[in-house]
Amino acid sequence: GYFGEWEQYRTEGVRAAATGGLTYTFAYSDNDTATIGAEYHYNPYGYDDARVYPWLILNGDFQAFYLGQHYGAAYALLAGPGSWDDTSFAASTLVNVSDGSGLTRLDISQRVLTYLSVELFGQVHYGTRGGEFRFEVDQPATAFPTGEVLPAINVPAPVFSIGASVRLTL
């Protein structure tokens, strides 16, 4: 169980976080370009053990994308490739290196009217079960000395997510 394993504390002092990345845009035809990039982020306040995440949720301290100490990302963008001037494709991967979880995502955006776009995405979650990007909880019911009982909590790890949106650009 998670209870009795963790205690809350606050760090003191100032620590520096750092983010760095590289981006490269190149022409692959006379009228088309592609952009690729990679980034790294260091978070000195992050955790190196995913088992603390449920405790952070229960205490209101869970802050997605700031849980791990080390993150890596890579992406590629094709905006209006070939004769598809109203379509964009973006592929990206984000990894919480500290807990070994990640996700890879494909986004497609299609402008259907001058100010209106339809956007679709699909993403795959992988890596360590219980990690930030493949989060799961399997906590049995817990009885406290006060007589209170926390019911069992079971949240299975995601495998795949899809989504859609409509964007109005004014």
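Residues numbered from 1 in each chain as written. Predicted model: local features only at pLDDT ≥ 70, side-chain atom pairs only at ≥ 80, totals over all residues. Heavy atoms only, no water.

Digging into the side chain of Asp 32
Stated precisely, the cut-off is as follows: Under the scheme used here, helices are H or I runs from DSSP no shorter than 4 residues and strands are E runs no shorter than 2 residues, and both carry numbers assigned from the N terminus. Using a 1.4 Å probe on the protein chains alone, a residue whose accessible area is under 20% of its type maximum counts as buried, one over 50% counts as exposed, and one in between counts as partly exposed. Positive residues here are Lys and Arg, negative ones are Asp and Glu, while His and the chain termini are left out of the count. The term salt bridge refers to a pairing of a side-chain nitrogen on Lys or Arg with a carboxyl oxygen on Asp or Glu at a separation within 4 Å. Polar contacts here mean pairs of N or O atoms no more than 3.5 Å apart (in protein, one a potential hydrogen donor and the other a potential acceptor; neighbouring residues in sequence count only if both atoms are side-chain atoms). Throughout, a residue-residue contact means that at least one pair of heavy atoms, one from each residue, lies within 4.5 Å.
Summarising the element assignment, Asp 32 is placed in the loop between strand S1 (18–27) and strand S2 (33–42). There is no salt bridge for the buried Asp 32, and the closest opposite charge comes from Arg 111, which lies 12 Å off by N-O distance. A polar contact is formed between the side chain of Asp 32 and the side chain of Ser 29, at a distance of 3.0 Å. Leave out the neighbours within four places in its chain, and Asp 32 touches Phe 26, Ala 27, Gly 80, Pro 81 and Gly 82.

Side note on unusual backbone geometry
The backbone phi angle of Phe 65 is positive, close to 70°, even though this residue is not glycine. With relative accessibility at 48%, the residue Phe 65 sits in the partly exposed group.

What to know about the pattern of salt bridges
Applying the stated criterion across every chain yields a total of 5 salt bridges. Between Arg 51 and Asp 49 there is a salt bridge, with its nearest N and O atoms 2.9 Å apart. The closest approach of N and O atoms between Arg 105 and Asp 107, which form a salt bridge, is 2.9 Å. When its relative accessible area of 23% is taken as the criterion, Asp 107 is described as partly exposed.

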